[in-house]
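Here is what each chain is made of, one letter per residue.
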Amino acid sequence: MSFREEHELHKRRFGRNLGLGLVLAGFVALVFGMTIAKVSDDGFAVPKIEQEGK
Amino acid sequence: MSDASLNTASPVSRAQEGEAGFGDFFALLKPRVMTLVVFTALVGLLAAPVGVHPVIGFAAILFIAVGGGAAGALNMWWESDIDALMKRTQKRPIPAGKVTRDEAFAFGITLAVMSVVMLWLATNALAAGILAFTIFFYVVIYTIGLKRWTPQNIVIGGAAGAFPPMIGWAAATGTVSLESVLMFALIFMWTPPHFWALALFMRGDYDTAGVPMLTVTHGRRATRVHILVYTVLLAALAIGAAFTGIGGPVYLVVALVFNALFLRDAIAIWRRDEDQAEADNYRVEKRAFKLSLWYLFAHFTAILAEAALGGLGLGGWA
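Residues numbered from 1 in each chain as written. Chains lettered and ligands numbered in written order. Predicted model: local features only at pLDDT ≥ 70, side-chain atom pairs only at ≥ 80, totals over all residues.

Chain B is annotated in an unreviewed UniProt entry as Protoheme IX farnesyltransferase from Roseovarius mucosus DSM 17069. Recorded under Catalytic activity (unreviewed entry), the UniProt text for chain B is reproduced unchanged: "heme b + (2E,6E)-farnesyl diphosphate + H2O = Fe(II)-heme o + diphosphate". Under Subunit (unreviewed entry), UniProt gives the following word-for-word description of chain B: "Interacts with CtaA." (UniProt positions renumbered as here; feature names shortened; annotations may be inferred.)

Under an unreviewed UniProt entry, chain A has the name Cytochrome C oxidase assembly protein and belongs to Roseovarius mucosus DSM 17069.

A. Main features of the overall build of chain B. If you tally the helices and strands in chain B, you get 16 helices and zero strands. Projected onto its principal axes, the C-alpha coordinates of chain B cover approximately 80 × 55 × 30 Å. Each of the 318 residues in chain B was classed as buried or not, and the buried ones make up 47%. (Helix = DSSP H or I, 4+ residues; strand = E, 2+ residues; numbered from the N terminus. Buried ≥ 20, exposed ≤ 12 C-beta atoms within 10 Å, placed from the backbone.)

B. Spotlight on the nonpolar core. Residues and elements named next belong to chain B. Residues L45, I64, A73, L119 and I167 are the most contacted members of the largest nonpolar core, which totals 99 residues. Counting residues per element, this core draws most heavily on helix α10 (residues 178–201), which supplies 14 residues. No fewer than three residues from each of domain 1 (21–176) and domain 2 (178–318) sit in this core. (Core = buried A, V, L, I, M, F, W, Y, C linked by C-beta atoms within 7 Å. Domains from an automatic or database assignment.)

C. Representation of the domain arrangement of chain B. Residues and elements named next belong to chain B. Along its sequence, chain B is carved into domain 1 (21–176) and domain 2 (178–318). Its C-alpha centre places domain 1 at a distance of 22 Å from the equivalent point of domain 2. Contact with domain 1, which involves 29 residues of that partner, is made by 26 residues of domain 2. At the level of secondary structure, the elements contributing two or more residues to the side of domain 1 that touches domain 2 comprise α4 (31–47), α8 (153–162) and α9 (164–173). Here the element with the most residues in the side of domain 1 that touches domain 2 is α8; it accounts for seven residues. Class assignment for the residues of the side of domain 1 that touches domain 2 results in 19 nonpolar, six polar and four charged. (Contact = placed C-beta atoms within 7 Å. Nonpolar A, V, L, I, M, F, W, Y, C, P; charged D, E, K, R; others polar.)

D. Up close: helix α14 (residues 249–271) of chain B. For α14(B), built from 23 residues, the straight-helix expectation of 33 Å at 1.5 Å per residue is met to within 8% by its first-to-last C-alpha distance of 33 Å. Inspection of α14(B) places B:V250, B:Y251, B:V254, B:A255, B:F258, B:N259, B:F262, B:D265, B:A266 and B:I269 among the buried residues, and these make up the whole buried set. (Expected span 1.5 Å × (residues − 1).)

E. How the structure looks around the UniProt feature "transmembrane region" (unreviewed entry) in chain A. The positions that UniProt labels "transmembrane region" (unreviewed entry) are, in the present scheme, residues 20–37 of chain A. Between the C-alpha atoms that bound residues 20–37 of chain A there is a distance of 25 Å. The span itself is 100% helix and 0% strand.

F. Local environment of the packing of α10(B) against helix α16 (residues 283–311) of chain B. All names here are of chain B. Relative orientation of the contacting elements α10 and α16 amounts to 160 degrees, with a least axis distance of 8 Å. Comparing the axis directions of α10 and α16 gives the class roughly antiparallel. Viewed along their axes, α10 and α16 form a crossing whose handedness is left-handed. Across from L186, I187, W190, P193, H194, A197, L198, L200 and F201 in α10, the residues of α16 making contact are E285, K286, A288, F289, S292, Y295, L296 and H299. (Axes fitted to C-alpha atoms, helices over the stretch in contact; angles between N-to-C directions. Parallel < 35°, antiparallel > 145°, perpendicular 65-115°, else oblique. Left-handed = near helix turned anticlockwise from the far one by under 90°.)

G. Seen up close, unusual backbone geometry. Residues and elements named next belong to chain B. In this structure, K30 takes a positive phi of about 50 degrees despite not being glycine. Structurally, K30 is set in the loop between α3 (22–28) and α4. Exposure remark for K30: the 19 C-beta atoms within 10 Å place this residue in the partly exposed category. Phi is positive for Y282, close to 60 degrees, though the residue is something other than glycine. As for its position among the elements, Y282 is in the loop between α15 (274–279) and α16. According to the C-beta neighbour criterion, Y282 is buried, with 21 such atoms within 10 Å.

H. Seen up close, the environment of B:K147. All names here are of chain B. The topology assignment puts K147 in the loop between α7 (125–146) and α8. Look at K147 and you get buried, because 20 C-beta atoms sit within 10 Å. When the C-alpha positions of K147 and E179 are compared, they lie 29 Å apart, and in sequence the two are 32 residues distant. If sequence neighbours within four positions are ignored, K147 has contacts with Y142, N153, G157 and V211.

Right, dumping it as structure tokens:
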């Protein structure tokens, strides 16, 4: 007999964790995509205050 | 601790009650309402005269949808007591015992804040500000404040559902204009006859929960009159919008057809009494409710079609 019997609860927990993981991965990809889209925009410019602080 | 103690039924049973699956949290976002939010916000974004980068547009729609879903979760958090009493809402995650009220509150607040901040970063402060106001309006003004106190709850609540196209437009343009206000007004005026038709044939649910729906406070005759009045006003607005920046010949044809059908049903509802309605199991009221769903979809699709034709130099009246 295994130490932990597989239960429907474990499947549900795994499904929730997998779902959350996929959502977080998607979020990271989206933020990355937004960054690329913003810096590729013709109107993009480094804020003046950051240029001066360099 | 022994194996036996880990495998006893009681801890698992307790955990089963307290542990929601991924789908239960997703259900808190009211996915069916979210489809309307996504669609109308998308039309607002695409109908705007300013182009948006596809990734930014996708992000904007996603965060508007998440914000709408967060408002839905907070609505379920506050209304779990009456949700448990109504047949239509008894299977929602909180009354069904799948998610606790505290979990729903934490989930809703987190997503609400995150969606507003992310929409601001993705687009602009105005769009994020309107989204924040929409969530506040729906949860605090409507759900907590007015829903249980006034029979005009549907009219007021309708405003919250009317903001998404305005947010989509603001995300693209950074402004609020006549066109976006018209899209807001279209949903705002559409909501009362849509929900009152539902309230007529879902009789009993709102009485049980003690929600002061017009059908309960002013009677079913008054509700039938209200449906007709709002539908007449809606038709004037919807057809009038054909001659503004979001309209054109395609929109006009769609508006004429669907408003004629909706008016026909509203007049039929107004002319009937309860005996007639009960005799055919609310056939006309149910038909009007179904038609109202197609009505909104058709109008916003027509606005989108006009915008697409405009891109080809064929849209509008020019």
